[in-house]
Amino acid sequence: MAKVVCVLYDDPIDGMPKSYARDDLPKITHYADGQKLPTPKGIDFNPGELLGSVSGELGLRKYLEANGHELIVTSSKDGPDSELEKHLHDAEVVISQPFWPAYLTAERIAKAPKLKLALTAGIGSDHVNLDAAVEHGITVAEVTFCNSISVAEHVVMMIVSQVRNYLPSYDWVNKGGWNIADCVARSYDVEGMHIGTVAAGRIGLAVLRRLKPWDVHLHYFDRHRLPEAVEKELNLTWHDSVEDMVKVCDVVTINAPLHSETLNLFDEKMISKMKRGAYIINTARGKIVDRDAIVRACESGQLAGYAGDVWFPQPAPKDHPWRTMPHHGMTPHISGTSLSAQARYAAGTREILECYFEGRPIRDEYLIVQGGKLAGVGARSYASGDSTKDVDTTPGFRKAN
Ligand code: NDP
């Protein structure tokens, strides 16, 4: 019997929904690159329901308990008195979502001698100290592709809303105003702009594909070049460095994993190389940018705006400066946890658990670390390292939680 600890975000403040806005989800048969959707032997939830919060339990309880395992579900994840810490000593599996990350620091991993599997119900396992996972022989897996399109849609929404000054205009309506000049004094068309993505993986490429019909100039930087046919189809300009790309872009969207190579990539120096009045859209990870350099750039006008949904740490402290800096379009970390995405990653989590408990191989495309080294998609897209550093010492973090 294994103890499975599942860390999920809190339920809605008024309790779980009694009904939903829509009756069903569109049927998707495969992902854009042909990868198969999750293939668990069964699911115990209705797709379209809220699964990612504590009461949703990712639909896992029936399956796990029927197989003799213990399931602990909690949102209490930070600090020594958290529920997560109480269960670490005998947890075999820790499941966490990047939206409400259970930071598995080296110290926590040292307190979890039985931990065998750190499972990300979503994409992005930077909340796990990958060096420590390698050292302790812990398998790290995530549900690759489950919410990549969800995020790409959010990125496009944020690009358009920032450039057209949507949020401040919406605010004028709520305030009872009809202040057209106030609304449009910062409003532009996206058409004709140069838009570049840092990384053209599943999300980055999906963003490029979605933007193609907008008659914009598309750019990308990635460690590996896309096939020539794709570059031609989308009329892409590839750059051999981020610096080279940002110089010519009106909008830069960040879609790379957080690891040692991308940590703090957008610091003061990088931002100063951008065109004055460019926008940054970051739905990848908060630590890829320098928090205070972003604030200064929004204040000085070096950036016309900054939007995204990723912060560090999460949940963001109440006094996080991105909540109040000018021209931001931030949301909490939600882009990858639409109800549509939840159905896919809950099924993917179940598939990974079934493989783990039945001793079957976990799909290569889901693996980040296995057998004491980066594996599968992790070996291709990640670099080893520790992105969990500073989580306990970030000002205001404990206070907020
Ligand atoms: P993919 O693995 O498909 O793509 C990641 C891409 O990043 C790959 O093409 C990889 O290149 C590239 N890359 C890695 N390191 C670098 C680097 N140093 N510089 C430039 N490119 C680099 O992942 P997804 O597109 O699905 O997701 C990307 C990230 O988005 C996730 O890691 C996660 O952090 C974030 N995300 C956020 C979500 C949200 O809700 N906000 C939800 C899902 C993901 P190559 O493989 O060619 O080496």
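Residues numbered from 1 in each chain as written. Predicted model: local features only at pLDDT ≥ 70, side-chain atom pairs only at ≥ 80, totals over all residues. Heavy atoms only, no water.

Visitor: Explain helix 12 (residues 291-300) to me, please; I cannot follow it from the model alone.
Guide: Since the α-helix packs 3.6 residues into each turn, any two residues three or four apart lie on the same face. Buried within helix 12 are the following residues: Ala-293, Ile-294, Val-295, Ala-297 and Cys-298. Where the residues of helix 12 are buried, they touch helix 11 (268-272), strand 10 (278-282) and strand 11 (303-308). With a side-chain oxygen positioned 3.0 Å from the backbone nitrogen of Asp-292, the residue opening helix 12 is Asp-290. Immediately downstream of helix 12, the backbone of Gly-301 shows phi near 95°, a positive value. (Buried < 20%, exposed > 50% of the residue type's maximum accessible area, 1.4 Å probe, protein only. Helix = DSSP H or I, 4+ residues; strand = E, 2+ residues; numbered from the N terminus. Contact = heavy atoms within 4.5 Å. Polar contact = N/O pair within 3.5 Å; in protein donor to acceptor, adjacent residues only side chain to side chain.)

Visitor: Would you explain the site of the ligand in this entry?
Guide: Not every one of the 30 residues close to the ligand is listed here, only the nearest: Arg-202, Ile-203, Asp-222, His-224 and Thr-283. Backbone polar atom of Ile-203 to an oxygen atom of the ligand: 2.8 Å apart, as the coordinates give it. Asp-222 has a polar side-chain atom sitting 2.8 Å from an oxygen atom of the ligand. Isolated, the ligand exposes 930 Å² of accessible area, and the fraction of that covered by the protein chains is 96%. More than half of the atoms belonging to the ligand lie within 2 Å of the grid points that define the largest pocket. Secondary-structure elements contributing two or more residues to the shell around the ligand are helix 5 (148-163), helix 8 (202-211) and helix 14 (376-381). (Near = heavy atom within 4 Å. Areas by Shrake-Rupley, 256 points an atom, 1.4 Å probe, with all protein chains shown as cover. 1 Å grid on protein atoms, 1.4 Å probe; cavity = no way out; pocket = protein on both sides within 12 Å on 5 of 7 lines; lining within 4 Å. Sits in = over half its atoms within 2 Å of the grid points.)

Visitor: What is the right way to look at the environment of Arg-285 in this model?
Guide: Within the secondary structure, Arg-285 sits in the loop between strand 10 and helix 12. Sequence separation of Arg-285 and His-217 is 68 residues, and the distance between their C-alpha atoms is 25 Å. Not counting the four nearest positions on each side in its chain, Arg-285 is found in contact with Pro-98, Ile-123, Gly-124, Asp-126, Leu-258, Val-310 and His-333.

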